[in-house]
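Tertiary structure, described
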Amino acid sequence: LVTVTSMCWYSYTTGKGSIRLRAVCEIEESTSGRSGDQIVVTEMPYQTSISVTAARIAELVQTRAIEGISDVNDESAKGKTRLVIKLKKDAAALVILNNLYKHTPLQTNFAVNTVALVDGVPRTLNLVQMLQAYIDHQVEVIQRRSQFRLDKALKRAHLVEGLLKAIN
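The structure presented is a predicted model; accordingly, all values stated were derived computationally and were not measured.

We now examine helix α3 (residues 93-103). Those residues of α3 that sit buried are A93, I96, L97, L100 and Y101. Angular distribution of buried residues about the axis of α3 spans 145°; they occupy a single face of the element. For α3, the exposed residues set more than 90 degrees away from the buried face come down to L94, V95 and K102.

Written out as structure tokens, the structure is:
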């Protein structure tokens with residue numbers, strides 16, 4: 001789903017930037033000569049609604065901002081995404097798809113700003129530093145949890161030892 005571009009690489013190396021997210025689309029050619037091709041969208045970008053996208057495409061067709069689309073159908077069901085955009089017979093599918101990416105939420109930019117508290121100080125981290133900080137945090141959490149459980153078990157052992165002496 002994520003297109004790896006120079007923007008993406010920049011955001012991973014510096015900790016700031018944006019990542020371009022694009023919908024996964026397929027162009028299906030028509031089998032009969034009467035109808036045109038169709039664009040089928042099977043995955044949408046993060047936090048993008050299918051119904052809002054379909055309404056936006058219909059609005060662009062009504063205002064004639066995009067020519068060559070004959071119908072838009074939302075065929076999503078049972079958790080599967082499927083948005084079918086039927087094209088007119090003489091329409092260029094790639095041109096229309098690029099226009100859809102440009103004018104609809106089929107392509108969005110996702111801002112990246114990886115700020116984290118490292119030793120109590122907010123810092124902007126790159127991908128490697130971010131993963132290392134997460135691993136260090138998990139090690140600390142496991143050590144503290146293990147120490148807590150050990151202290152609790154030692155207190156219980158001390159009580160049990162005292163009860164055994166009292167019984168004897």
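On to the packing of aromatic side chains, then. Considering all chains together, one arrives at 1 aromatic pair under this definition. Ring geometry for Y46 against F110: centres 5.5 Å apart, planes inclined by 80°, an arrangement best described as edge-to-face. One end of the pair, Y46, is in the loop between β3 (38-43) and α2 (50-62); the other, F110, is in strand β6 (residues 107-113), with 64 residues separating them in the sequence. Judged by relative accessible area, F110 falls into the partly exposed class, the value being 37%. If you follow R22 out to its NZ or CZ, it ends over the ring of Y101, 4.0 Å from the centre.

Further remarks concern unusual backbone geometry. Look at R64: it is not a glycine, yet its phi comes out positive at around 65°. By the secondary structure assignment, R64 is in the loop between α2 and β4 (69-74). In this structure R64 comes out as exposed when scored by relative accessible area, which is 62%. Phi angles above zero are rare outside glycine, and D119 is one such case at about 55°. Here D119 falls in the exposed class, since its relative accessible area comes to 79%.

Moving on to a nonpolar patch on the surface. Taken together, the side chains of Y12, L127, M130 and L131 make up a nonpolar region of the molecular surface, amounting to roughly 330 Å² of accessible area. Take the nonpolar patch: its biggest share by element is 3 residues, from helix α4 (residues 127-167). Looking at the element boundaries, Y12 is found in helix α1 (residues 6-14).

Here the focus is the nonpolar core. Among the nonpolar cores identified, the biggest contains 21 residues, and I39, V41, I69, I85, L87, I96 and L100 are the most heavily contacted of them. Of all the secondary structure elements, the ones that give two or more residues to this core are β3, α2, β5 (83-87) and α3. If you tally residues by element for this core, the top one is α3, at 5 residues. Excluding its chain neighbours within four sequence positions, the residues that come into contact with L100 are I39, I57, I66, I69, I85 and L106.

To continue, consider the environment of A55. Tracing the chain through its elements places A55 in helix α2. As for A55 and D74, which are separated by 19 residues in sequence, their C-alpha atoms are 10.0 Å apart.

Turning our eyes to something else, we now look at the environment of Q38. Tracing the chain through its elements places Q38 in strand β3. Sequence separation between Q38 and S18 is 20 residues, and the spatial gap between their C-alpha atoms is 31 Å. When neighbours within four sequence positions are excluded, Q38 is seen to be in contact with E26, I27, E28, V84, I85, K86 and L87.

Spatially, β2-β3-β5-β4 is the arrangement adopted by the 4 strands of the open sheet, whose pairing is antiparallel. Looking at the sheet topology across the chains shown, the edges are occupied by β2 (24-28) and β4. Across the sheet, the mean angle from the axis of one strand to that of its neighbour is 20°, orientation sign disregarded. Bridge analysis of β2 against β3 gives 5 bridges, and the strand direction is antiparallel. Residue pairing for β3: E28 is matched across the bridge by Q38. Those strands touched by α3 are β2, β3, β4 and β5, and its axis lies near 160° from that of β2.

The rules behind the values
Residues numbered from 1 in each chain as written. Predicted model: local features only at pLDDT ≥ 70, side-chain atom pairs only at ≥ 80, totals over all residues. Heavy atoms only, no water. Buried < 20%, exposed > 50% of the residue type's maximum accessible area, 1.4 Å probe, protein only. Helix = DSSP H or I, 4+ residues; strand = E, 2+ residues; numbered from the N terminus. Arc of directions from axis to C-beta. Phe/Tyr/Trp six-rings, centres within 6.5 Å; stacked < 30°, edge-to-face > 60°. Lys NZ or Arg CZ within 6 Å of the ring centre and 35° of its normal. Patch = residues over 30% accessible without salt bridge, like charges linked within 9 Å, V, L, I, M, F, W, Y side chains within 5 Å. Areas by Shrake-Rupley, 256 points an atom, 1.4 Å probe, with all protein chains shown as cover. Salt bridge = Lys/Arg side-chain N within 4 Å of Asp/Glu carboxyl O. Core = buried A, V, L, I, M, F, W, Y, C linked by side-chain atoms within 4.5 Å. Contact = heavy atoms within 4.5 Å. Pairing = 2+ DSSP bridges. Axes fitted to C-alpha atoms, helices over the stretch in contact; angles between N-to-C directions.

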